[in-house]
Amino acid sequence: MMRALLLLTPLLALAGCSSNWGWYVVNPSTPKGWLNLKFLLSGIGYTVQLSATAICISVVVGLLVALPGLSARKWPRRISRTYVELVRAVPILVLILWVYYGLPQITGLSLSVFWAGVIALALSDSAFQAEIFRAGIQSIARGQYEAAYSVSLNYRDTMRYVILPQAIRRILPALGNQLVYMLKMSSLVSVIGMQELTRKANELVVSEYRPLEIYTVLVLEYLVLILIVSAGVRWLERRLKTDERA
């Protein structure tokens, strides 16, 4: 949070030269500006929690969908392909609204805003995760399977100990991209009232009537988050490459 504020300081100083801009509304040197910044930054926790939960679920579901798509039998492949095509065809905003308003009527279950957002984001992303896993697993040489079978490993152990560790190393950049995508798409959950970054900004705009300044801070918040995630993914890539050489 403090790094984000440090990034804001030069921008606020520069923008203060214009009489048409009201950067006082997010100026940390004034009591009101500091309170407004704290209000905006309070949505970071919800955004991270929502995105992290959704990406974990989508990775698991995506893997479970990808494995039947690699089957030698026709029907498992068709089921996997049908799931991927149907889910990818639905816009994520429409899916969020359907899960929040429609799913409780069908199932009789009451969903909180958080879990409705998680389910919608995870469901939408799982189709892309399935394709990423399918491509990664198919990139592994056939000899790896034969070597695993030669030491009496069954299909599950072959996937767990031989194929998936190699595939994950290859698809890690794509998985990192999906996490970045998830962080950005989490802003759409604001339409159902989730108190994440975008919702906080929208509420502050309504009370302060300074959209340019407030949404600029919002852009910087997402920028900092995504840069941190990208740096973390690159570090993990280097770490895995080092372990592989060792």
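Residues numbered from 1 in each chain as written. Predicted model: local features only at pLDDT ≥ 70, side-chain atom pairs only at ≥ 80, totals over all residues. Heavy atoms only, no water.

The name given to the protein chain in an unreviewed UniProt entry is Amino acid ABC transporter permease, and the organism recorded there is Seohaeicola nanhaiensis. Under the UniProt heading Function (unreviewed entry), the entry covering the protein chain gives this text: "Part of the binding-protein-dependent transport system for glutamine; probably responsible for the translocation of the substrate across the membrane." Per its UniProt entry, the protein chain bears the Sequence similarities (unreviewed entry) comment "Belongs to the binding-protein-dependent transport system permease family. HisMQ subfamily." (UniProt positions renumbered as here; feature names shortened; annotations may be inferred.)

Student: Got a minute to help me understand the environment of Val84 in this structure?
Tutor: With respect to the element layout, Val84 can be found in helix H4 (residues 74-89). Exposure remark for Val84: the relative accessible area of 1% places this residue in the buried category. Sequence separation between Val84 and Gly69 is 15 residues; the distance between their C-alpha atoms is 10.0 Å. Setting aside chain neighbours within four positions, we find Val84 in contact with Val65, Ala127, Ala130 and Glu131. (Helix = DSSP H or I, 4+ residues; strand = E, 2+ residues; numbered from the N terminus. Buried < 20%, exposed > 50% of the residue type's maximum accessible area, 1.4 Å probe, protein only. Contact = heavy atoms within 4.5 Å.)

Student: What exactly am I supposed to notice about the pattern of salt bridges here?
Tutor: Pairing between side chains becomes possible if they bear opposite charge and their charged atoms approach one another. A full pass over the atoms with the stated rule returns seven salt bridges. A salt bridge links Lys32 to Glu208; its shortest N-O distance comes to 3.4 Å. Taken together, the residues Lys32 in helix H2 (residues 31-41) and Glu208 in helix H9 (residues 197-208) connect sequence positions 176 residues apart. Across the salt bridge formed by Glu203 and Arg199, the nearest N and O atoms sit 3.4 Å from each other. Here Arg199 and Glu203 lie together in helix H9, a separation of four residues that amounts to about one turn. With a relative accessible area of 30%, Glu203 lands in the partly exposed category. Among the ionic contacts, a cluster of salt bridges with common partners joins Arg81, Glu85, Arg88, Glu131 and Arg134. (Salt bridge = Lys/Arg side-chain N within 4 Å of Asp/Glu carboxyl O.)

Student: When you look at the packing of helix H3 (residues 44-69) against H4 in this model, what are you seeing that I'm missing?
Tutor: Packed helices, taken two at a time, are described by the angle their axes make and the gap between the axes. Two elements in contact, H3 and H4, have axes whose closest approach is 7 Å; the angle formed by their N-to-C orientations is 140°. Overall, the two elements H3 and H4 adopt an arrangement that is oblique. The segment H3 lies against H4, with Val61, Val65, Pro68 and Gly69 engaging Pro76, Arg77, Ser80, Tyr83 and Val84. Here the contact of H3 with H4 is built from residues that sort into six nonpolar, two polar and one charged. (Axes fitted to C-alpha atoms, helices over the stretch in contact; angles between N-to-C directions. Parallel < 35°, antiparallel > 145°, perpendicular 65-115°, else oblique. Nonpolar A, V, L, I, M, F, W, Y, C, P; charged D, E, K, R; others polar.)

Student: Hey, could you run me through a nonpolar patch on the surface in this one?
Tutor: Taken together, the side chains of Leu93, Leu97, Tyr101 and Val191 make up a nonpolar region of the molecular surface, amounting to roughly 340 Å² of accessible area. Note on placement: Leu93 falls in helix H5 (residues 92-107). Residue Leu93 is classed as partly exposed on the basis of its relative accessible area of 34%. (Patch = residues over 30% accessible without salt bridge, like charges linked within 9 Å, V, L, I, M, F, W, Y side chains within 5 Å. Areas by Shrake-Rupley, 256 points an atom, 1.4 Å probe, with all protein chains shown as cover.)

Student: Quick question: what am I supposed to make of H4 here?
Tutor: For an α-helix, the turn length of 3.6 residues means that residues three or four places apart are oriented alike. The end-to-end C-alpha separation of H4 is 23 Å, in line with the 22 Å expected for 16 residues at 1.5 Å each. Listed in full, the buried residues belonging to H4 are Ser80, Val84 and Val87. For H4, the angular spread of buried residues about the axis comes to 80°, placing them on one side. Exposed residues lying more than 90 degrees from the buried face of H4 are Trp75, Ile79, Leu86 and Ala89. Those residues of H4 hidden inside the fold are in contact with H3 and helix H6 (113-138). (Expected span 1.5 Å × (residues − 1). Arc of directions from axis to C-beta.)

Student: Quick question: what am I supposed to make of the nonpolar core here?
Tutor: Among soluble globular proteins, nonpolar side chains are generally buried collectively. By size, the foremost hydrophobic cluster in this structure holds 20 residues, and its most contacted members are Ile137, Met159 and Ile163. Counting residues per element, the ones that place at least two in this core are H3, H4, H6, helix H7 (142-150) and helix H8 (155-185). No other element matches the seven residues that H8 contributes to this core. Residues within four places of Ile137 in sequence aside, it is in contact with Leu63, Leu67, Leu70, Tyr145, Met159, Ile163, Leu164 and Ala167. Grouped together as the second largest cluster of nonpolar side chains are 18 residues, Ile96, Phe114, Ala122 and Met182 included. (Core = buried A, V, L, I, M, F, W, Y, C linked by side-chain atoms within 4.5 Å.)

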